[in-house]
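# Structure at a glance
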Amino acid sequence: MTTSQLSTRHVLGIKYLTEGDIRLIFETAENFKEVINRPIKKVPSLRDVTVANLFFENSTRTRLSFELAEKRLSADVVNFSASSSSVKKGETLLDTVNNILSMKVDMVVMRHPAPGAPAYLARHIDANIINAGDGTHEHPTQALLDAYSMQEQLGDLKGKKITIMGDILHSRVALSNIFCLQKLGAQVTVCGPPTLIPKYITNLGVRVEYDLRKALEWCDVANILRIQLERQDIKFFPSLREYASSYGVNREILDSLTKKIVIMHPGPINRGVEITSDVADSDQSIILQQVENGVAIRMAVLYLLANKR
Ligand code: CP
């Protein structure tokens, strides 16, 4: 069901992509993965295209990965960080972006703490917008690289079983993963303490499992999420130590399962909380492959959107 063009000129969320879009992004990423493993890693596909990376919230992986993807495609790149900008003097989001666009920018990659901020921009400006994470809403390129990495391990994801573990309530990665995996035909379970599992989640067609061991025994892949303390204004569990003892994935619990499962984490990791170091750094973990695949996936998204201009 692959198409030759994306059905959309923005990537605001996985919710708005078709299965064909996702498969096209994966096929295109496959080609770019080959490119970035060559001695000369650069192609001229985005020559004459200017991309602005607007980050209103902290990032390491996503920001570096987009910048590298843009440079590998020969785009001109400008970077903006809210903490060192005139946003601090009270400038609005639309004024900030319109000023940047006056400098003839074609595409905008934006991370923002407010859910819907990239969609708001897409309604007001002409550039292609890529959502690099909007609050607790969506993080589409993370879900694409996660699903692509799972597919590399398991083959086609139809019927495969994926458990998403941890702080589902505050996670944009969880929502984008659920949409992406379901569009590819996978089954999804979410697992975590009841306080961190939103009530609406079963309306999305996912299973809920509160027992860590059962959730891990059920799945082929566990995608373990970070406890997002910076988004928690009240206490959702008694202490990090108690969270780790009930929901932390450690070597002992993995060794007690009847099969070897794939371990993933979008980063940044709280070592010793949601995952122990001996698991994160083990041969079951594909955390660094996820990061490598992120560059190829983002090259694919940028390339396909540029073709829609
Ligand atoms: N996975 C992820 O979004 O990481 P960063 O916050 O470092 O970009």
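Going by the structure above, here's the rest.
Source: prediction; values computed, not measured.

About the cut-offs
Here the residue numbering is sequential within each chain, running from 1 through the sequence in written order. The model is predicted, so local features are restricted to residues of pLDDT at least 70 and side-chain atom pairs to those at 80 or more, both for listing and for counting; the totals for chains, interfaces and linings are taken over all residues. Hydrogen atoms and water are omitted, and side-chain values are computed over all heavy atoms in the structure. Only a single heavy atom is needed: when it lies within 4 Å of a molecule or strand, its residue is near that molecule or strand. In protein, a polar contact means a hydrogen-donor-capable atom and an acceptor-capable atom, both N or O and within 3.5 Å, with residues adjacent in sequence counting only if both atoms are side-chain atoms; elsewhere, any N or O pair within 3.5 Å suffices. The Shrake-Rupley method, run with a 1.4 Å probe, gives the accessible areas here. Residue values count only the displayed protein chains as cover. Think of it this way: any DSSP run of H or I at least four residues long counts as a helix, any run of E at least two long counts as a strand, and we number them from the N terminus. Exposed residues in this analysis have more than 50% of their type's maximum accessible area, buried residues have under 20%, and partly exposed residues fall in between, with area computed by a 1.4 Å probe over protein chains only. We call two residues contacting when some pair of their heavy atoms lies within 4.5 Å. Each pair of strands is called paired provided DSSP finds at least two bridges between the two strands. Axes, fitted as lines to C-alpha atoms, cover a helix only where it is in contact. Angles between the N-to-C directions of the axes lie from 0 to 180 degrees. Whether two aromatic rings pair depends on their centres lying within 6.5 Å, for rings of Phe, Tyr and Trp, where Trp uses its six-membered ring; planes under 30 degrees apart make the pair stacked, over 60 edge-to-face, and the rest tilted. Any Lys NZ or Arg CZ that is within 6 Å of a ring centre and within 35 degrees of that ring's normal is treated as a charge sitting over the ring.

Okay, the site of the ligand next. Around the ligand, the neighbouring residues are S59, T60, R61, T62, R111, H139, Q142, P266 and G267. At a separation of 2.9 Å, an oxygen atom of the ligand approaches a polar side-chain atom of R111. In isolation the ligand has 260 Å² of accessible area, and contact with the protein removes 91% of it.

Turning next to the environment of L93. Examined against the element boundaries, L93 turns out to sit in helix α3 (residues 93-101). L93 sits in the buried class, given a relative accessible area of 18%. For the pair L93 and L121, spaced 28 residues apart in sequence, the C-alpha to C-alpha distance is 8.4 Å. Not counting residues within four places of it along the chain, the set of residues in contact with L93 comprises F56, M110, H112, A117, Y120 and L121.

As a further point, take the sheet that holds strand β2 (residues 76-81). Backbone-to-backbone hydrogen bonds pair the strands of a sheet. The strands run either parallel or antiparallel. One open sheet holds the four strands; their spatial order is β2-β1-β3-β4, and the pairing between them is parallel. Sheet topology places β2 and β4 (128-134) at the edges, where each strand pairs with a single neighbour. Here the average twist between neighbouring strands, direction ignored, is 15°. Across six bridges, the pairing between strand β1 (residues 50-55) and β2 is parallel. Across the sheet, the residue bridging to A52 is V78, located in β2.

Here the structure, examined in full by the defined rule, presents five aromatic pairs. With centroids separated by 5.1 Å and ring planes inclined at 45°, the aromatic side chains of F237 and Y243 adopt a geometry described as tilted. Classification of F237 as buried rests on a relative accessible area of 11%. An aromatic cluster is defined as three or more aromatic residues linked by ring pairs; in this entry it consists of F237, Y243 and Y247. Residue placement shows R207 over the ring face of W218; its charged tip is 4.8 Å from the ring centre.

Treat this as a map of the structure, not an account of what it does.
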